[in-house]
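# Structural features, examined
What follows is each chain in one-letter form.
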Amino acid sequence: MRFRPRAGWGGAQMSDQREFWNERFAKEGYFYGTEPNRYVASHIDALSEPQNILFLGEGEGRNAIYAARKGHTVTALDASDVGLAKCAERAKSANLTLELIHTDLEIWEPRKTYDAVLCSFLHLPEPLRSAVYAKVLGALKSGGLFAGEFFSIHQMPRTTGGPKDETLLYTADALRSILAHHTCDILELIECDTELSEGRGHNGIASVVRMAVLKS
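Residues numbered from 1 in each chain as written. Predicted model: local features only at pLDDT ≥ 70, side-chain atom pairs only at ≥ 80, totals over all residues. Heavy atoms only, no water.

Axes are the key here: two packed helices are described by the angle between their axes and the distance separating the axes. Viewed as axis vectors pointing N to C, helix α2 (residues 38–45) and helix α3 (residues 62–69) meet at an angle of 20°, and their least axial separation amounts to 10 Å. Between α2 and α3, the crossing angle belongs to the class labelled roughly parallel. Crossing angle aside, the handedness with which α2 passes α3 is right-handed. Counted together, Val-40, Ala-41, Ile-44 and Asp-45 of α2 and Asn-63, Tyr-66 and Ala-67 of α3 form the full contact between these two elements. Its residues assigned to classes, the contact of α2 with α3 shows 5 nonpolar, 1 polar and 1 charged. (Axes fitted to C-alpha atoms, helices over the stretch in contact; angles between N-to-C directions. Helix = DSSP H or I, 4+ residues; strand = E, 2+ residues; numbered from the N terminus. Parallel < 35°, antiparallel > 145°, perpendicular 65-115°, else oblique. Left-handed = near helix turned anticlockwise from the far one by under 90°. Contact = heavy atoms within 4.5 Å. Nonpolar A, V, L, I, M, F, W, Y, C, P; charged D, E, K, R; others polar.)

Pasting the structure below:
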């Protein structure tokens, strides 16, 4: 098990984000449960052989643990050291090896390439969203997969999860505009309703955007 910070942590916004997520993950149990997001899990299950996978905004590690159990080489990144510590505890108890990176996506710089980058409900404002997507696609190997599920702007009036800030929510068209600046093939980019059952954080019918692309 490797759990390491990245140099350069600092600044009010990064500190605020760390404090917000640390407070959330400090609660007893696992805020979003221990089962993986179903959409992310479907992409993990579709991989025919062990892959080198990066999970962004991975929090307490539910997706990363699932992938490691499947035999993949896993790196999980998050701004919350509390969340990553809980992920490390689960990995240790299951005798799994993961690389855990404590950093903020504003300062994250990939240091290797990956076969896949996966995330669930990673909500970023612009221009950070576009900057992170550029880093992700730059860090993917040719033919590599970038996939995730996010709350759509139509989730705003619902109480089943997600931020109440429209600038942090997604539309398929906005993601398509970001991806148009990169050499990739869109496998799926849809908005739909789904039923979530993810711990205390996500429960009930929710409006989501699902995205899966391959780097050309």
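From this point, the discussion proceeds with the structure in view.
Moving on, we come to the nonpolar core. Ranked by internal contacts, the top residues of the largest apolar core, which has 29 residues, are Leu-56, Tyr-133, Phe-146, Leu-175 and Met-211. Secondary structure elements with two or more residues in this core: β5 (114–120), α5 (128–139), β6 (140–151), α6 (172–179), β7 (184–198) and β8 (202–215). With 6 residues, α5 is the single largest residue contributor to this core. If sequence neighbours within four positions are ignored, Met-211 has contacts with Tyr-39, Tyr-133, Phe-146, Ala-147, Gly-148, Phe-150, Leu-175, Leu-179, Glu-188 and Leu-189. Judged by nonpolar contacts, the second largest core, of 23 residues, contains Tyr-39, Ile-53, Val-74 and Leu-96. (Core = buried A, V, L, I, M, F, W, Y, C linked by side-chain atoms within 4.5 Å. Buried < 20%, exposed > 50% of the residue type's maximum accessible area, 1.4 Å probe, protein only.)

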